[in-house]
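# Descriptive structure summary
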Amino acid sequence: MVSLSSSRMFQLLPGRMQPTGHRSRKTRLVTKDGHCNIEFGNIEYSNHFAYVVDFWTTFVEIRWRFVLLLFVATFTGSWFIFSLLWYWIAKSNGDLSGQNRTDGHVRCIDNINGLTAAFLYSLETQTTIGYGGRALTGHCAGTVALIVIQSLVGVFINCFMCGVILAKISLPKKRAKTVTFSNTAVICLKKGSLCLLIRVANLRKTLLIGSQIYGKLLRTTITPDGETIILDQVDVDFMVDAGKDNLFFICPLTLYHVINRSSPFYELSADTLPQQDFELVVFLDGTAESTSSSCQVRTSFIPQEIQWGYSFLPIISRTKMGKYRVDFSNFSRSVRVSAPHCVHCFETDADQRNHNNYSKENHSNQQKMGIENLAFQEVDIHDPLDDTKM
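Keep in mind it's a predicted model, so treat the numbers as computed, not measured.

The rules we used
- Residues numbered from 1 in each chain as written.
- Predicted model: local features only at pLDDT ≥ 70, side-chain atom pairs only at ≥ 80, totals over all residues.
- Heavy atoms only, no water.
- Axes fitted to C-alpha atoms, helices over the stretch in contact; angles between N-to-C directions.
- Helix = DSSP H or I, 4+ residues; strand = E, 2+ residues; numbered from the N terminus.
- Parallel < 35°, antiparallel > 145°, perpendicular 65-115°, else oblique.
- Left-handed = near helix turned anticlockwise from the far one by under 90°.
- Contact = heavy atoms within 4.5 Å.
- Disulfide = S-S within 2.5 Å.
- Buried < 20%, exposed > 50% of the residue type's maximum accessible area, 1.4 Å probe, protein only.
- Pairing = 2+ DSSP bridges.

## Some details on the packing of helix α5 (residues 115-126) against helix α6 (residues 141-169)
- One way to put it is that α5 packs onto α6 with a least axis distance of 9 Å and a crossing angle of 60°. Here α5 is positioned oblique relative to α6, judged by the angle of their axes. The interaxial crossing formed by α5 with α6 has right-handed handedness. Side by side, α5 and α6 meet where Y121, S122, T125 and Q126 of the first sit next to I147, Q150, G154 and I157 of the second.

## What about the state of the cysteines?
- The final tally for this structure, using the stated rule, is one disulfide.
- Paired by a disulfide, C108 and C140 hold their sulfur atoms 1.7 Å apart. Looking down the S-S bond of the C108 and C140 bridge, the torsion is -65°, so its handedness is left-handed. Of the two residues, C108 is situated in the loop between α4 (64-93) and β1 (109-110) and C140 in the loop between β2 (135-136) and α6; the sequence distance between them amounts to 32 residues.
- Cysteine C159 is unpaired, with the sulfur of C162 as its nearest cysteine sulfur at 7.1 Å.
- Owing to a relative accessible area of 53%, C159 belongs among the exposed residues under this scheme.

## Thoughts on the sheet that holds strand β6 (residues 208-222)
- Pairing in this open sheet of four strands is antiparallel, and the strands run β7-β6-β9-β10 from one edge to the other. Either end of the sheet is taken by a strand with one partner, and the two such strands are β7 (228-236) and β10 (294-301). Each adjacent strand pair in this sheet contributes to an overall mean axis angle of 25°, direction not counted.
- Pairing of strand β9 (residues 278-288) with β10 involves eight bridges; the strand directions are antiparallel. From the neighbouring strand, V281 faces β10, where its bridge partner is S300.

Here you go:
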């Protein structure tokens, strides 16, 4: 690889910052708000029975419009079904108006003169209103058994529907709505390494306990055997300055992934990044402090949403009153900075700088300690002693 000079390698990279709120129309697996863009086809009809068996999950996951429709249909249907039974009992006993009654006729239900009155009596019984106009006489065992059954059915329906509505209101994914990621990711130098940076913020003051952050790179790969794997998943590790696990997630954090030889982004450069076809999915798992329910926040980034040679603007400041202030207007905004053109260029220049520093250090040490010249050798000379007589 051709070595680039430091002045050219760290030149400002041309680019165009995408406006906040930009959404690419490229097809992706995970949308920016965390929904999975996938559908299941050619499912056998018999497999739909599994949804009926797991009816609780089915009712909790269906849309609100269907939950409200189910709520109205369940109560109205039960009132109408039991009204038919009350009407049948009253008609069989001759309690309806216009029926021929014998002397000494004993009523089972008072003031049931038609199907409408029977429906009102069913509603009053199941909702425990009891206006007093329509009531049992207590002379028929069938009416006593039926009112017990309807009361139990009404309690069961109340508990089930209240549970479904409460479960939907307290779904963990609703807590995830108050956790947001930056619209774009940036690549710049951080702590002497080329890193990919993403911002995440918790919009509530209540913490997410035990937060963990990780990523998956989705791309189409071809194996050495020639097999094409669609949506091949590669792990992408993210870190923050405060650590990797059990984050103190009270203010916005900047996640960074070091692009080194083990990174899936190692072969990328500023020129080849926009032409790539991959999707980076970032996950944040945590437990809500207020409800103790686990939740997961997801978002994704495509190559067109990753800015090479940019850095996020600072958003945390301190007021005169001693409070920390977060300016969310700069949450997804970035500024152009000097950055290497590619990882190979950065490593080559780093090795050259280290070599130059090492050479200068050795030269300095040689000047201090001196240099031995091998051309001069130490020779022992033994001269004969001259005896001089006086």
